[in-house]
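Examining the three-dimensional arrangement
Read off the chains here:
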Amino acid sequence: VAPPPPAAAPTAAAGREITATRVYVNLATPDAATAVAAGDVDGVGLLRAEFMITTALDGLHPAKLLAQGRRDEYVAKMADGVAAIAAAFGDRPVVYRAIDLRSNEFAALDGGEVEPDEDNPMIGYRGCFRYVREPELFRLDLDVLHTVRAQHPNVHLMIPFVRTKWELAQCLALLDEHPLGADSAMKRWIMAEVPSAAYWIPEYARLGIDGVSIGSNDLTQLVLGVDRDSETCKDLFNTMDPAVLDTIDTIIDRATAAGLTTSLCGQAVSIYPELAEHLVRRGITSVSVTPDVAERTRHNVAVAEKAILLDAARRG
Ligand code: PEP
Ligand code: MG
């Protein structure tokens, strides 16, 4: 009789910590998707597709690409990239953020001279407001998602840099006019990265969104009034500043009260491990981090959840 095979070596899965708070990753391209998806991650909380977009555009400004009649080619290329990521994550969600290039970044593309010349592009012609002004641009994103969701319904839409209820309402109307608008299984996320979100969340919820993801990079910049890219002022840029934390808390509280899913996808949780506990205590649904710190974040979240349970048990 042959000896029994040796016990299987413990797999990564055996040592995995289970948490109620989901741990997502931020991704930008399909290259690493399979390797990242093999790790202990619950999905992609922020697909920053801007890099894929500029590649798919062949260095052309979208206006020039459209003028050349190459729309279908662009949509197909983008859809292939997003589909590769969606396939790697199986049924785990992948949240695709609509194009959030700023006017200075668009201006650097071939044909970019059509862009407005702005002194402060970071708070200029970008995000949700831009889609409302240029529905053709937004429809590129919608066509990409519509194509991908036919095969991969785990991909969802996130609208960045929402500043007011009026622009979000108009942007959602554009979505509703598109075939993707009838796809009620697709989650509608918005990014809360302008401080006005703390005020507007209940109204945003009434417009029919599903989730709010805090973009702590832009939010920190705008709460503290410090340019996120300034080397000179970098000592001031601190998401752990109480003013920023208070804004984050308000956004989470109001979103939770409105029945929305909440997340934070800026760099902050990757940089400040203690922020994970703060967010978990506040009741956030998920955090999204760079892949290199996903495992550590899972651990920090697990420790925080256990501490919360112990606190509750002691009080009981
Ligand atoms: C953010 O602002 O925190 C964010 C995640 O978006 P980006 O860094 O791409 O502006
Ligand atoms: Mg941002």
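Quantities reported herein were computed from a predicted structural model and do not represent experimental measurements.

Structural notes on the confidence of the model for the protein
Across the protein, pLDDT averages 94, with 95% of residues at or above 70. In this model, residues 6–12 is a region of pLDDT below 50 whose contacts with residues beyond four sequence positions or in other chains number 2 contacts. Here the complex is predicted with pTM 0.94, and the ipTM for its interfaces comes to 0.99.

Side note on the site of ligand 1
In the neighbourhood of ligand 1, the contacting residues comprise Leu 46, Arg 48, Glu 193, Gly 215, Ser 216, Asn 217, Asp 218, Cys 265 and Gly 266. Among the elements of the structure, β2 (44–48) and α10 (216–224) are those that each provide at least two residues to the shell around ligand 1. Of the residues forming the shell around ligand 1, the biggest block, 3 residues, is contributed by α10. Here the residues of the shell around ligand 1 sort into 2 nonpolar, 4 polar and 3 charged.

Thoughts on the packing of helix α13 (residues 273–282) against helix α14 (residues 294–315)
Two elements in contact, α13 and α14, have axes whose closest approach is 9 Å; the angle formed by their N-to-C orientations is 45°. The angle between α13 and α14 falls in the class oblique. Note that α13 runs across α14; the crossing there is right-handed. Two secondary-structure elements touch here, α13 through Pro 273, Ala 276, Glu 277, Val 280 and Arg 281 and α14 through Arg 296, Thr 297, Asn 300, Val 301, Ala 304, Glu 305 and Ile 308. Classifying every residue of the contact of α13 with α14 by side-chain character gives 6 nonpolar, 2 polar and 4 charged.

Some words on the environment of Cys 171
The topology assignment puts Cys 171 in helix α8 (residues 165–177). Residues Cys 171 and Ser 196 lie 25 residues apart in sequence; the distance between their C-alpha atoms is 17 Å. Sequence-distant contacts of Cys 171, that is, excluding residues within four places in its chain, are made with Cys 128, Tyr 131, Val 132 and Ile 159.

Some details on the sheet that holds strand β7 (residues 261–264)
Spatial ordering of the closed barrel is given by β1-β2-β3-β4-β5-β6-β7-β8, a layout of 8 strands whose pairing is parallel. Taken over all neighbouring pairs, the strand axes of this sheet differ in orientation by 30° on average, direction set aside. Where strand β5 (residues 188–192) and strand β6 (residues 211–214) come together, 4 bridges link them in parallel fashion. Bridged to Met 191 within β6 is Ser 213.

Notes on unusual backbone geometry
The phi dihedral of Asp 58 is positive, around 60°, even though this residue is not glycine. A tally of 15 C-beta atoms within 10 Å means that Asp 58 is categorised as partly exposed. A positive phi angle, close to 45°, is found at Phe 161, a residue other than glycine. On the secondary structure map, Phe 161 appears in the loop between β4 (155–159) and α8. Assessed through the 25 C-beta atoms surrounding it within 10 Å, Phe 161 is described here as buried.

Structural notes on the environment of Val 269
Relative to the elements of secondary structure, Val 269 occurs in helix α12 (residues 268–271). Residue Val 269 is classed as buried on the basis of its 29 C-beta neighbours within 10 Å. Placed 158 residues apart in sequence, Val 269 and Gly 111 show a C-alpha to C-alpha distance of 37 Å. Non-local contacts of Val 269, meaning those with residues more than four positions away in its chain, are made with Leu 264, Leu 275, Ala 276, Val 287, Val 289 and Thr 297.

Regarding the nonpolar core
Buried together is how nonpolar side chains tend to be arranged in soluble globular proteins. Judged by nonpolar contacts, the single largest core of 87 residues is most densely connected at Val 44, Val 82, Tyr 96, Ile 190 and Ile 251. With 8 residues, the top contributor of residues to this core is helix α4 (residues 71–88). Apart from the residues lying within four places of it in its own chain, the contact partners of Val 44 are Tyr 24, Val 25, Leu 27, Ile 85, Phe 89, Val 94 and Val 95.

So, helix α11 (residues 242–257)
For α11, spanning 16 residues, the distance from its first C-alpha to its last is 22 Å, which sits close to the expected 22 Å at 1.5 Å a residue. Buried positions along α11 lie against β5, α9 (196–206), β6, α10, β7 and α13. One or two positions beyond α11, positive phi appears at Gly 259, with a value near 80°.

Conventions used here
- Residues numbered from 1 in each chain as written.
- Chains lettered and ligands numbered in written order.
- Predicted model: local features only at pLDDT ≥ 70, side-chain atom pairs only at ≥ 80, totals over all residues.
- pLDDT = per-residue confidence, 0-100.
- Contact = placed C-beta atoms within 7 Å.
- Near = placed C-beta within 6 Å.
- Helix = DSSP H or I, 4+ residues; strand = E, 2+ residues; numbered from the N terminus.
- Nonpolar A, V, L, I, M, F, W, Y, C, P; charged D, E, K, R; others polar.
- Axes fitted to C-alpha atoms, helices over the stretch in contact; angles between N-to-C directions.
- Parallel < 35°, antiparallel > 145°, perpendicular 65-115°, else oblique.
- Left-handed = near helix turned anticlockwise from the far one by under 90°.
- Pairing = 2+ DSSP bridges.
- Buried ≥ 20, exposed ≤ 12 C-beta atoms within 10 Å, placed from the backbone.
- Core = buried A, V, L, I, M, F, W, Y, C linked by C-beta atoms within 7 Å.
- Expected span 1.5 Å × (residues − 1).

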